[in-house]
Amino acid sequence: MKNLLTVLIFFGLLKLDAQNDLKILETNPLSIGESIRFHSNSLNEDRRINVYLPHRYASDSTKTYPVIYLLDGSIDEDFIHIAGLVQFGSFSWINMLPESIVVGISNVDRRRDFTYPTSIAQDKKDFPTSGKSENFISYIENDLIPFINSKYRVQETRTIIGQSLGGLLATEVLFKKPDVFDNYIIVSPSLWWDNQSLLQLKPKSYTSKKKIYVAVGKEGEIMERDAKSLYDALKTNAKENTEVHFKFLEEQDHGDALHLAVYAAFEALFKK
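Student: How would you explain the side chain of Thr159 if you had to name every residue and give the values?
Tutor: Residue placement: Thr159 occurs in strand β5 (residues 154–163). Look past the residues within four positions of Thr159 in its chain and what remains in contact with it is Val67, Ile68, Tyr69, Phe181, Asn183, Ile185 and Phe270.

Laid out in structure tokens, this is it:
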């Protein structure tokens, strides 16, 4: 038994020595795009965005790309896994959506930026900085989109993805300034804000083509009801130029619905 243990230790040491003898030939940073910090005139503060560029962006200087704008788009939020979905979905053998640029909008204060003013005292207490979504929408429309259009080779097609409070903001943009984006992916929207007042608002009319995808997980009666109410209202009032989809993710909750919802949305909105 002692001899066997000695042999095992001997070969274990040999294996460690072999591993230690491996020579690193090259180490390079791993990059999937760019992280940019700039000053926003609309917000009068510095902001950061993370930009995923398709693999062939640098090698084909003539090609242009649609742009997907992602709320909660910090590196430690949803940027990396959504950019991964876009890369996977745009592989030629998958062909789920066109090669696209992803702009992840990093947060400074999402409770401030993603909410409109509320009349509910408890909302004000729980979210003391809230109510500045108008300024944030102006930042997206007047600062960010023109900047992206000038810096990158883009097409006119724009998509926004928002979840939770980000879903509330995406819905507000759709209702108040629908022509800012062509496609809306709204996941688990926090439409409970201000006693569902946004659902009582009459959406602004538009003439351009729209594709809208609403999804929610098993997130409780209020969240599920409000998401379905949003879909029903959009579907009832949809014109010929509007495509509306809904998905209930019964196996997911508020924490993990986004990834699968966005995958399903890409399949539905960009199908050939």
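Now that the structure has been shown, the text picks up again.
Student: Any chance you could break down helix α6 (residues 165–176) for me, citing the residues and the numbers?
Tutor: Taking 1.5 Å of rise per residue, 12 residues should cover 16 Å, and α6 covers 16 Å from first to last C-alpha, within 8% of that figure. Most of α6 is tucked away, with 11 of its 12 residues classed as buried. Structurally, α6 contributes buried residues whose contacts are with α3 (110–113), α5 (133–151), β5, β6 (183–187), β7 (210–217) and α7 (221–236).

Student: An account of the environment of Ala238 is requested, with residue identities and associated values reported.
Tutor: Structurally, Ala238 is set in the loop between α7 and β8 (242–249). Under the relative-accessibility criterion, Ala238 is labelled partly exposed at 30%. As a C-alpha pair, Ala238 and Lys210 span 28 residues in sequence and 9.5 Å in three-dimensional space.

Student: A description of the pairing of strand β2 (residues 45–52) should follow, citing residues and the corresponding values.
Tutor: Burial runs high along β2: six of the eight residues are buried. Of the strand pairs in this sheet, strand β1 (residues 33–40) and β2 are connected by eight bridges, and their pairing is antiparallel. Looking at β2, one finds that Phe38 is bridged to Arg47. Between β1 and the antiparallel strand that follows it, β2, lie four residues; Asn44 among them carries a positive phi value of about 55°. Note: β2 against strand β4 (residues 101–105), four bridges, orientation antiparallel. Each residue of the ladder has a partner; that of Tyr52, found in β4, is Val102.

Student: So what's going on with the side chain of Asp78? Which residues, and what values?
Tutor: Tracing the backbone shows Asp78 in the loop between β3 (65–70) and α2 (79–89). One buried charge, Asp78, has no salt-bridge partner; the nearest side chain with opposite charge is Arg110, at 7.0 Å. Residues in contact with Asp78, not counting those within four places in the same chain, are Leu70, Asp72 and Leu258.

Reading the values: the criteria
The numbering scheme is per chain: residues are counted from 1 as the chain's sequence reads. The predicted origin of the model limits local features to residues at a pLDDT of at least 70 and limits the giving and counting of side-chain atom pairs to 80 or more, whereas totals for whole chains, interfaces and linings rest on all residues. With hydrogens and water excluded, all non-hydrogen atoms of the structure serve as input to the side-chain values. Numbering of helices and strands runs from the N terminus; a helix is a DSSP stretch of H or I covering at least four residues, while a strand is a stretch of E covering at least two. Working rule for contacts: check all heavy atoms of both residues, and any pair within 4.5 Å makes them a contact. The span expected for a helix works out to 1.5 Å for each residue beyond the first. Only protein chains enter the calculation, and the probe is 1.4 Å; a residue is then buried if its accessible area is under 20% of its type maximum, exposed if over 50%, and partly exposed in between. Whether two strands pair depends on DSSP finding at least two bridges between them. Positive charges are assigned to Lys and Arg, negative charges to Asp and Glu, while His and the chain termini are left out of the count. Throughout this description, the term salt bridge denotes a Lys or Arg side-chain nitrogen within 4 Å of a carboxyl oxygen of Asp or Glu.

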